[in-house]
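Residue-level listing of the chains:
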Amino acid sequence: MKKLFAYFKNYKAQSVLGPFFKLLEALFELFVPIVVGLIVDKGLGAFVDGGYPNADTGYIVKMCLLLAGFGLVGLVFSVTAQYFSAKVATGVAGDMRKDLFRKIQSLSYKDIDRLGTATMLTRMTSDVDKFQSGVNLALRLFLRSPFIVFGAMITAYFVDPSSIGIFAIAILALAIVVFAVMLICMPLYKRAQEKLDRVLLSTRENLAGARVVRAFCLEEEERAVFDARNTELNKSRKFVGVIAGITNPLTYVLVNLAIIALIYSGAIRVNLGNLSQGSVLALYNLMGQILIELIKLANLIVTVTKAMACGSRISAVLQMQPSLQVEEGLEESAQTAECVRFEGVSVQYNDDAVPALEDVSFSVKQGETVGVIGGTGSGKTTLVNLIPHFYDVKEGNVFVNGKNVKEKDLQKYLRNRIGVVPQKAVLFKGTVRENLLWGREDASDEELWQALKIARADEFIAEKQGLDTPVEQGGKNFSGGQKQRLTIARALVRNPEILILDDSSSALDYVTDAELRKGIKQLKTTTFIVSQRASSVRDADKIIVLDDGKTVGLGTHEQLMQSCEVYREIYFSQYDDGEGKAV
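Being a predicted model, the structure only gives us computed values, none of them experimental.

Further remarks concern the overall build of the chain. Helix and strand content of the chain: 21 helices and 12 strands. For 583 residues, the compact-globule estimate of 2.2 N^0.38 gives 25 Å, and the C-alpha radius of gyration of the chain, at 36 Å, exceeds that figure by more than 25%. For the chain, the spread of C-alpha atoms along the three principal axes comes to 120 × 55 × 50 Å. Considering the chain as a whole, with its 583 residues, one finds that 47% of them fall into the buried category.

Printed below as a string of structure tokens:
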């Protein structure tokens, strides 16, 4: 939580001015009961024969105008305080969201997988919103309410010292109730937010996979899962809501008991002539002010409790350190002429997990095309994700252009020279031009069209609105094959030294796939092609065959057909008699 206080450094003046103007408003409010008492005692005078024959109308009017002036000045101070408080709250929340987004961008694939998308969304939306509300309310009331409570108590002492005991007992009892509720509710609100993560996860999965859910007729089952998670959330919030809801009734009961005691003792003393009617009325109004402020304080405590619980969750993300190992002064590979080199590489996603890759070694020269093939779960994607250092190796080293990918100064340099086309084609809302410029911001339209041509995407883009063709969220206005070709074009715009195609032509027909590979071959870039199709890697300069994370074959198509049983099984499962005719 301490880290979150740093966000207030840019709003020091506003953080002081907001509470300051609220205290000024509260000061004027404390004068009101005194003025009302004076109106009764001096303005109305004594009650005689059912009336006030000695009433001073001029004095009453003057005091009423004074009350109106207090109200007007208090309104100005209140609006000013609200302005500064809102400015701090929205500014802090905005800065916090920026840092959360930067932090998420800095996390490794492993960190993001562990944290979860739904959890990150909750942190950036619900948690930040609740923290913002807590800051706004705290700046306005955290000093004002105690100031009114203790100010009313001190004012009551000057009005009637004998009544101070009733005020002291009431305030002590109310403070115990309020802080007890806060201590109980804080961990409960935190648990409720964690259950909200699960509800958002269920919602996100069903929105993203709506077609799959309907294709398998699992709507009822998914509704049942969502209902169960939503019911858990509701139960959790109802439970903490009941506890928080006790605060207001208890506050009313305690203050009303104090008012009864105050009026009873005041009435006795008025009859004895020891206290004026105006003083009793002033004491009653002061106790009423305490009641109102303690109700506000109780609500503030509940809101701040929520904000603190959310703040601790936000702080946990901000304090996360990227798990990627980055080191300085690493030794260079002995063979710097090679473009990519793996030396005894093993990868394990979790300490207790089965290795995704184990003792993988190979080298690739500049301009070579490397095919990576193997069964599902054999480690193909893991292997190519190590080249741009998306994941850490557990053992061994990965070198690019003779330098270890873990080298600190190599990170930006490394990824700026690698074009990655992931398994899932991801496009962003905007236009085709805007998506392609992710590859290189200063690329000309001519370069964009050239990339589209190589990716075999120029024809269908030209038939639409060219580079200004709109792209809907997720690229849903394009087919699967079209999205894949656009993501390939985006990577080609970068003119990468190393191009990684991670099963990125799975939605393409054989002819388009062949034309695409032919176009990329002419670029003379070092290319890694991950594919389930033997035809996609057949013409590669080097083919890596993986099986359960281990290298079981390395060589050309002809060499592997002679020496690698796993490769032959894959090949013959897709071709009849191995004569090049697809099954």
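Moving on to the packing of helix α2 (residues 12–44) against helix α11 (residues 277–318). Axis angle and axis distance: for two packed helices, these are the angle between their axes and the distance between the axes, and together they describe the pair. At a minimum axis distance of 7 Å, the contact between α2 and α11 shows a crossing angle of 155°. By the criterion of interaxial angle, the relationship of α2 to α11 is roughly antiparallel. Where α2 crosses over α11, the handedness of that crossing is right-handed. Here E29, L30, P33, V36, G37, V40 and D41 of α2 lie close against α11, whose contacting residues are Q277, G278, S279, L281, A282, N285, L286, Q289 and E293.

This part covers the environment of A89. Looking at the element boundaries, A89 is found in helix α3 (residues 57–106). Judged by relative accessible area, which is 2%, A89 ranks as buried. Between the alpha carbons of A89 and L137 there is a distance of 9.0 Å; along the sequence they are 48 residues apart. The contacts of A89, once residues within four sequence positions are left out, are Q132, V135 and N136.

All right, on to the sheet that holds strand β2 (residues 357–365) then. Sheets are built from strands that pair by backbone hydrogen bonding, the pairs being arranged parallel or antiparallel. Spatially, β2-β1-β4-β5 is the arrangement adopted by the four strands of the open sheet, whose pairing is antiparallel. Both outer strands of the open sheet, β2 and β5 (403–404), are each paired with one neighbouring strand and no more. Pairing geometry for strand β1 (residues 338–347) and β2, over six bridges, is antiparallel. Of the residues in β2, the one forming a bridge with R341 is S363.

Turning our attention to the packing of aromatic side chains. Taken as a whole and assessed by the stated rule, the structure comprises 15 aromatic pairs. Taking the centre distance of 5.3 Å and the plane angle of 65° together, the rings of Y83 and F84 count as edge-to-face. For F84, a relative accessible area of 16% gives the class buried. Measuring from centroid to centroid gives 4.3 Å for F428 and W438, while their planes differ by 10°, and the two rings are stacked. Placement of F428 in the loop between β6 (418–421) and β7 (430–431) and of W438 in the loop between α14 (432–436) and α15 (445–454) is noted, with a sequence separation of 10 residues between them. Relative accessible area serves as the criterion here: at 35%, F428 is assigned to the partly exposed category. Clustering of aromatic rings is evident, with ring pairs tying together F20, F21, F28, F31, F70, F77, Y83 and F84. The ring of Y510 is capped by R533, whose NZ or CZ atom sits 4.7 Å from the centre of that ring.

Quick look at the confidence of the model for the chain now. For the chain, the mean per-residue pLDDT works out to 84, and 94% of the residues sit at or above 70. Mean pLDDT per element in the chain: helix α13 (residues 411–416) is the minimum at 76, and strand β11 (residues 542–547) is the maximum at 93. In this model residues 578–583 is a low-confidence stretch, pLDDT under 50, and it forms 14 contacts with partners more than four residues away in sequence or in other chains.

A word on the pattern of salt bridges. A pair can form between side chains of opposite charge whenever their charged atoms are brought close. Applying the stated rule across the entire model yields 21 salt bridges. With a closest N to O distance of 3.4 Å, R144 and E25 form a salt bridge. Here R144, found in helix α6 (residues 144–159), pairs with E25, found in helix α2; they are 119 residues apart in sequence, far enough to count as distant. An identical accessibility class is assigned to R144 and E25; each is buried.

Moving on to the pairing of β11. Along β11, five of the six residues are buried, which leaves the element largely enclosed by surrounding structure. Bridge count between strand β3 (residues 369–374) and β11: five bridges; the pairing is parallel. Bridged to V372 within β11 is I544. Alignment of β11 against strand β12 (residues 550–555), held across five bridges, turns out to be antiparallel. For D547, the partnering residue across the bridge sits in β12 and is K550. Two successive antiparallel strands, β11 and β12, enclose a turn made up of two residues, where D548 displays a positive phi of approximately 55°.

Criteria and thresholds
Residues numbered from 1 in each chain as written. Predicted model: local features only at pLDDT ≥ 70, side-chain atom pairs only at ≥ 80, totals over all residues. Heavy atoms only, no water. Helix = DSSP H or I, 4+ residues; strand = E, 2+ residues; numbered from the N terminus. Rg over C-alpha atoms; globule rule 2.2 N^0.38 Å. Buried < 20%, exposed > 50% of the residue type's maximum accessible area, 1.4 Å probe, protein only. Axes fitted to C-alpha atoms, helices over the stretch in contact; angles between N-to-C directions. Parallel < 35°, antiparallel > 145°, perpendicular 65-115°, else oblique. Left-handed = near helix turned anticlockwise from the far one by under 90°. Contact = heavy atoms within 4.5 Å. Pairing = 2+ DSSP bridges. Phe/Tyr/Trp six-rings, centres within 6.5 Å; stacked < 30°, edge-to-face > 60°. Lys NZ or Arg CZ within 6 Å of the ring centre and 35° of its normal. pLDDT = per-residue confidence, 0-100. Salt bridge = Lys/Arg side-chain N within 4 Å of Asp/Glu carboxyl O.

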